[in-house]
Amino acid sequence: MEVRVAHCLLLWAVHIFPATPHTALGVLNKESKTGNQQDGCINLIPCKDNGAICIQPCSPSFHGETRFVCEDRKWQMFTDACASLDVQSLFQRISERELLPSSGGHVSVAGGHLPFVGKGKPVHGKPVHGKPEYGAKYFGADDYGDSNCQADFSCIIPDILSSPAIPGNIADIVELLKRISLLLSENVNRGKMQSYSRIANHILNSSIISNWAFVKDRNASSILLDSVNLFAGKLLLRNGSESVQEHFISTKGYTIHKNTSGKSFDFSMEFSNTGNITGHVVIPEEELLKLPTTSKAISIAFPTLGAIIETNRLDPVFVNGMVLSVSLPEELRHILLTFEKVNKLENVKAQCVGWHSTERRWDNRACKIKSDNISSVVCICKHHSRTFKSFSILMSPTMLRNAVLDYVTRVGLGLSIFSLVLCLIIEAVVWPHITKTEITYMRHFCLVNIATSLLIADVLFILAAIVHNTALNYQLCVAATFFLHFFYLALFFWMFTLGLLILYGLLFIFFKITRSVFIATAFSIGYGCPLVISVLTVAITEPKNGYLRSGACWLNWYETKALLAFVVPALSIIVVNVVVVVVVVVRTGRSSVGEGCKSQDLSNMIRISKNVALLTPLLGLTWGFGLATIVDSRSLAFHVTFALLNTFQVNSERLGIACAQTLLNLGRGSRPKRGWQLELCMKNRI
């Protein structure tokens, strides 16, 4: 896809924003704001190719740029980085001392990398906006600002609250909060926490949630969450407790010790104009007994952050309550959280989740449901300072939880594994007797590899589920997904090899292929192709944390479409094997043409039906029913049908039939027939 980037020279019309904090929070009016810019893109580049990008400069009163992407022959806003704030100057006003050297580079602080600039050096390759001297260094108290501002950050509040909460300013405020949490989080008193909360509250307002969709950094909401957690965790408690309340962020802290009865935090906060939602955090008494000394517990509530995170993600999951963060001593690992549901729907199941701060995704391994009713959910969650500190509940209309489906899957997998092991044992016992001819050797060689691939894939499927449900090891989940992907692909490519062998037996009767050539070709197709696809998939998507999907050890779909690396080859092979079955049916039907076959029409139809019934599971055509689950992912009937056809296909039809035919031939003492034992009517004419 050709991507053309054009820097347009047309300037924007001057943006007019009211100066009052209330009106500055208004939602970005996309139609009025982008009309002139879209016209500029239209005049310069016709929107023909989907994915083409046009970059427009900001008006003179703003710095940054706006990007438009071509979709369906229309320019649509993609990111808006136009901002009126200057993070550099705001941060300098509250800095107590010269924090960074004057030479260019990066400083690593608390696990993060903070850019700084030397004289004449840009930040991240971009010019520093504001006065020229701001780019020289971070000034100390003697160079800029006063001690009152440094004590509680209050001097920058008017500038921030009077600025419009447009996407560019949101990004700058997130960056400012990140810098404060990394470099100015010592001695966090009530005044600093109040100022910090007011700044965060400005961009957490429910009226500007839609503006987050155009923030350039898709991880901005996650960075904000981590920054607030880090800063609030340093809050100093006066007289054993502290509470800082804003409309869209609330922080509470208590002193705790092992003799404290179960400590709780209660929150009731505004979500939108429709009313309030509540949250409740409880530290069980048995957990408090683990404390060796007096410690502190901090909890932060965000009623709108869940919806903000959704705007930056493509997962079809919806946060159905407030986000609750906790900062606890290392000794405390389990907490109880109660979430009031925003949408109280009877037909939607709740899911307790924790925010994985490293992978930046919701993870259901962090929590489990204790109770669930129409209005609220109680979760038991594992607290881990480096991984899980924030929790919430999700609702997912596409998530099917059904006892029948679980039962079919588990029983079917068990019977499938048993049948595959039995078939491989039978093949090993009778192998010398059934591979006397080249064609029968090739056929059973394919069957053994199909059985082996499917057996390993089924076992890995169970292991992947165990890893996901019991272990919090990301690397182990990646390894399980890689091998699961590889062996399921190997299953399909060996079925593809078998289909080609069937065509060879039917169409090229007088053309012989040697055993060594067949084995080399079969291994290249059966294991070589899956290996290449699997390695490329993990190599391309894993560096961007897009290999795994949220909630399972399996390929990602919504962010990177890694699942296509399995779906496309599998469905392509199914289409080819359908053609093979059609060829078999046509050849079988043609063989009955002739005067000697007219009296055997019924028996010929029976033979054709038997051939189709045998080849359908043998060539994996039942996997084609998976398309129905893609068309309607909420239909329980489609999911149960697909599970029945595929988990039971081994023991009912596929390799069980092949092994039964093998034993039957040996029992009769018959010699294996040439070709594929398709009982053609032509034999009656010889």
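Residues numbered from 1 in each chain as written. Predicted model: local features only at pLDDT ≥ 70, side-chain atom pairs only at ≥ 80, totals over all residues. Heavy atoms only, no water.

Student: Talk me through the state of the cysteines; I want residue IDs and the actual numbers.
Tutor: Scanning all chains against the criterion turns up five disulfides. One disulfide in the model links Cys 352 with Cys 379; its S-S distance is 1.9 Å. With the S-S bond torsion at -75°, the cross-link from Cys 352 to Cys 379 turns out left-handed. Note that Cys 352 is positioned in strand 15 (residues 350-356) and Cys 379 in strand 18 (residues 376-382), a separation of 27 residues in sequence. You'll find Cys 352 and Cys 379 in the same group, each marked buried. (Disulfide = S-S within 2.5 Å. Helix = DSSP H or I, 4+ residues; strand = E, 2+ residues; numbered from the N terminus. Buried < 20%, exposed > 50% of the residue type's maximum accessible area, 1.4 Å probe, protein only.)

Student: Which residues make up a nonpolar patch on the surface, and what values go with them?
Tutor: A cluster of nonpolar side chains, namely Val 459, Phe 461, Ile 462, Leu 463 and Ile 466, defines an oily patch on the protein surface of about 390 Å² accessible area. Following the sequence through the fold, Ile 462 ends up in helix 12 (residues 438-470). (Patch = residues over 30% accessible without salt bridge, like charges linked within 9 Å, V, L, I, M, F, W, Y side chains within 5 Å. Areas by Shrake-Rupley, 256 points an atom, 1.4 Å probe, with all protein chains shown as cover. Salt bridge = Lys/Arg side-chain N within 4 Å of Asp/Glu carboxyl O.)

Student: Any details on unusual backbone geometry? Residues and values, ideally.
Tutor: Even without being glycine, Phe 153 reaches a positive phi, approximately 65°. With respect to the helices and strands, the residue Phe 153 is situated in the loop between helix 4 (147-152) and helix 5 (157-161). Residue Phe 153 is classed as buried on the basis of its relative accessible area, which comes to 1%. A positive phi angle, near 60°, is found at Lys 561, a position not held by glycine. Within the secondary structure, Lys 561 is located in the loop between helix 14 (515-541) and helix 15 (564-590).

Student: Could you give me a rundown of the pairing of strand 19 (residues 388-395), with the residues and numbers involved?
Tutor: Of all eight residues that make up strand 19, eight are buried, and the element is covered over most of its length. Sheet topology places strand 12 (residues 318-319) next to strand 19; two bridges connect them, and they run antiparallel. When the sheet's bridge partners are listed, Phe 318 is paired in strand 19 with Met 395. Direction of pairing for strand 15 relative to strand 19: antiparallel, over a ladder of six bridges. Bridge assignment links Val 353 to a residue of strand 19, and that residue is Ser 392. (Pairing = 2+ DSSP bridges.)

Student: Summarise the packing of aromatic side chains; cite the residues concerned and give the values.
Tutor: Counting across every chain of the model gives 17 aromatic pairs. Consider the rings of Phe 153 and Phe 231, whose centres lie 6.4 Å apart with planes at 45°: the pair is tilted. You can see Phe 153 sitting in the loop between helix 4 and helix 5 and its partner Phe 231 sitting in helix 8 (residues 220-232), a full 78 residues away along the chain. Summarising the burial analysis for this pair, Phe 153 and Phe 231 share the class buried. Their ring planes at 70° and their centres at 5.9 Å tell us that Phe 445 and Phe 518 sit as a pair that is edge-to-face. (Phe/Tyr/Trp six-rings, centres within 6.5 Å; stacked < 30°, edge-to-face > 60°.)

Student: So, the confidence of the model for the chain: which residues are in play, and what are the values?
Tutor: Confidence in the prediction of the chain, expressed as mean pLDDT, is 75, and 68% of residues score 70 or more. Per-element mean pLDDT across the chain ranges from 34 in strand 1 (residues 5-7) up to 95 in helix 14. The low-confidence segment residues 97-145 (pLDDT under 50) makes 92 contacts with residues lying over four places distant or belonging to another chain. The low-confidence segment residues 650-660 (pLDDT under 50) makes 30 contacts with residues lying over four places distant or belonging to another chain. (pLDDT = per-residue confidence, 0-100. Contact = heavy atoms within 4.5 Å.)

Student: Describe helix 6 (residues 167-183), and please don't skip the residues or the numbers.
Tutor: Its 17 residues place the ends of helix 6 24 Å apart at the C-alpha level, agreeing with the 24 Å of an ideal helix rising 1.5 Å per residue. When you tally the buried positions in helix 6, you get 14 out of 17 residues, the bulk of the element. (Expected span 1.5 Å × (residues − 1).)

Student: So what's going on with the packing of helix 13 (residues 474-507) against helix 14? Residues and values would help.
Tutor: Following both chains from N to C, one finds helix 13 and helix 14 inclined at 145°, their axes separated by 8 Å at the closest point. In this structure, helix 13 meets helix 14 at a crossing whose hand is right-handed. Split into classes, the residues belonging to the contact of helix 13 with helix 14 amount to 21 nonpolar, five polar and no charged. (Axes fitted to C-alpha atoms, helices over the stretch in contact; angles between N-to-C directions. Left-handed = near helix turned anticlockwise from the far one by under 90°. Nonpolar A, V, L, I, M, F, W, Y, C, P; charged D, E, K, R; others polar.)

Student: Can you tell me about the packing of helix 6 against helix 7 (residues 190-204), naming the residues and giving the values?
Tutor: Running from N to C, helix 6 and helix 7 cross one another at 155°; their axes reach a closest spacing of 10 Å. Between helix 6 and helix 7, the interaxial angle falls into the category roughly antiparallel. Pair helix 6 / helix 7 crosses with left-handed handedness. Side by side, helix 6 and helix 7 meet where Ile 170, Ile 173, Val 174, Leu 177, Ile 180 and Ser 181 of the first sit next to Tyr 196, Ile 199, Ala 200, His 202 and Ile 203 of the second. For the contact of helix 6 with helix 7, a count of residues per class yields nine nonpolar, two polar and no charged. (Parallel < 35°, antiparallel > 145°, perpendicular 65-115°, else oblique.)

Student: Please give an account of the pattern of salt bridges that cites residues and values.
Tutor: One pass over the structure, following the stated rule, counts eleven salt bridges. Among the ionic pairs, Asp 363 bridges to Arg 365, the shortest N-O distance being 2.7 Å. The same class applies to Asp 363 as to Arg 365, namely buried. Taken together, the salt bridges that share partners define one network made up of Glu 359, Arg 361, Asp 363 and Arg 365.

Student: Can you explain the side chain of Lys 341? Please cite residues and give values.
Tutor: Structurally, the position occupied by Lys 341 is in the loop between strand 14 (334-340) and strand 15. With a relative accessible area of 3%, Lys 341 lands in the buried category.

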